[in-house]
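Analysis of the macromolecular model
Residue strings, one per chain:
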Amino acid sequence: MDLAKPHIDIGLFTNRRDAQLGFWGSEIGLTYDHMLKLGRGLQQHRFAAGESVIKVNHAREVLREDAACGLRAVLIARAGIAGPRELRDPDGNAVVLVPKGHLGVEGIGLRLAVSDLAAARSFYGVALGLREIARDVYMCGDSLLLLERANRPIVVGDMVALGLRYFTIQVRDCDAEHARVLRTGGREGRAPATLGTTARVSFVRDTDGNWIELSERASLTGKAVG
């Protein structure tokens with residue numbers, strides 16, 4: 001995969017805007033960048049975690065709960081701590097601060113539960129084309145995806161639901177990467193679409209239905225969109 005940025009971003013949805021902004025800004029200590037209006041009553045509040053972005057998507061309408069999603073914990077490397085420190089955001093999502101290098105995490109990582117490790121290895125290693133650096137640990141740029149077997153079936157519904165719901169890979173050509181993922185075993189979530197002059201984005205889904213955004217962002221690629 002031809003990356004435009006060697007770091008994944010992670011998206012969550014919430015109805016508790018103020019509590020989430022306080023958690024990520026004050027308790028976790030991330031820098032607030034800006035807010036984007038996504039339409040349909042959604043606002044995206046963006047926090048910088050190094051070069052990655054935590055996308056706090058606030059919904060005006062009450063969100064459906066979907067505990068089956070495979071995204072289980074965000075790992076953020078932090079200098080000056082002796083060991084992992086697990087926290088919960090206001091909606092109960094797991095956020096783990098880890099010493100730099102813990103489990104190989106130098107920036108950001110994502111613990112991802114899957115129902116079939118063999119199928120997931122094929123998807124992440126072949127369809128997404130990520131490098132496996134240890135058993136069931138894949139590197140996307142310098143971000144890590146740590147796969148683990150789920151203790152119950154995973155049936156992921158719509159992306160817009162409460163909690164951790166998707167991660168973003170910034171690419172240089174959204175259409176080409178989307179088509180390649182579909183050819184090599186991925187499922188389509190949403191076809192490529194242009195968001196004004198900001199980005200061209202699509203969504204693909206892994207073997208359990210987890211949502212993955214492919215984003216061709218003009219500010220990263222230097223190419224005009226729209």
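Here's a quick rundown of the structure.

**Some details on helix H2 (residues 117-127)**
Within H2 the residues assigned to the buried category are Leu117, Ala120, Phe123, Tyr124 and Ala127. Taken around the axis of H2, the buried residues stretch over an arc of 150°, which confines them to a single face. Positive phi shows up at Gly129, right after H2, with a value of about 70°.

**A short note on the layout of surface pockets**
There is about 550 Å³ of room inside the largest pocket. In this structure, the largest pocket is lined by 28 residues; those nearest its centre are Leu38, Gln44, Leu195, Val201 and Glu213. Secondary-structure elements contributing two or more residues to the lining of the largest pocket are strand S2 (31-39), strand S3 (42-49), strand S4 (52-59), strand S12 (163-170), strand S13 (187-195), strand S14 (199-205) and strand S15 (211-217). In the lining of the largest pocket, the residues fall into 13 nonpolar, eight polar and seven charged.

**A few points about unusual backbone geometry**
Notably, Arg40 is not glycine yet its phi reads approximately 55°, a positive angle. Mapped onto the secondary structure, Arg40 falls in the loop between S2 and S3. Not every positive phi belongs to a glycine, and Leu103 is a case in point at roughly 60°. Note on placement: Leu103 falls in the loop between strand S7 (94-99) and strand S8 (108-114).

**Focus on the sheet that holds strand S1 (residues 9-14)**
Pairing within the open sheet is mixed, and its eight strands lie in the order S2-S3-S4-S1-S12-S15-S14-S13. Looking at the sheet topology across the chains shown, the edges are occupied by S2 and S13. Here the average twist between neighbouring strands, direction ignored, is 25°. Across five bridges, the pairing between S1 and S4 is parallel. Looking at the pairing, Gly11 lines up with Lys55 of S4. In this fold helix H1 (residues 17-27) packs onto S1, S2, S3 and S4, with an angle of close to 10° to the strand it touches most, S3. Helix-sheet contacts for helix H3 (residues 174-183) involve S13, S14 and S15, and the interaxial angle to S14 is about 10°.

**Here's the deal with the packing of aromatic side chains**
Following the criterion strictly, the structure yields seven aromatic pairs and no others. One aromatic cluster in this structure is built from Phe13, Tyr166, Phe203 and Trp211. Note that Arg190 overlies the ring of Phe203, its terminal NZ or CZ placed 5.4 Å from the centroid.

**Comments concerning the nonpolar core**
Membership of the largest hydrophobic core comes to 42 residues, with the highest contact counts inside it found for Trp24, Ile54 and Tyr124. The dominant element in this core, judged by the number of residues it contributes, is H2, at five residues. Sequence-distant contacts of Tyr124, defined by excluding residues within four places in its chain, comprise Leu112, Gly129, Leu130, Tyr138, Leu145, Leu147, Phe167, Asp206 and Ile212. Core analysis: the next-biggest nonpolar cluster, separate from the first, contains twelve residues, Phe13, Ala59, Ala113 and Trp211 among them.

Criteria and cut-off values
- Residues numbered from 1 in each chain as written.
- Predicted model: local features only at pLDDT ≥ 70, side-chain atom pairs only at ≥ 80, totals over all residues.
- Heavy atoms only, no water.
- Buried < 20%, exposed > 50% of the residue type's maximum accessible area, 1.4 Å probe, protein only.
- Helix = DSSP H or I, 4+ residues; strand = E, 2+ residues; numbered from the N terminus.
- Arc of directions from axis to C-beta.
- 1 Å grid on protein atoms, 1.4 Å probe; cavity = no way out; pocket = protein on both sides within 12 Å on 5 of 7 lines; lining within 4 Å.
- Points joined across faces, edges and corners; volume = space filled by probe spheres on them.
- Nonpolar A, V, L, I, M, F, W, Y, C, P; charged D, E, K, R; others polar.
- Pairing = 2+ DSSP bridges.
- Axes fitted to C-alpha atoms, helices over the stretch in contact; angles between N-to-C directions.
- Contact = heavy atoms within 4.5 Å.
- Phe/Tyr/Trp six-rings, centres within 6.5 Å; stacked < 30°, edge-to-face > 60°.
- Lys NZ or Arg CZ within 6 Å of the ring centre and 35° of its normal.
- Core = buried A, V, L, I, M, F, W, Y, C linked by side-chain atoms within 4.5 Å.

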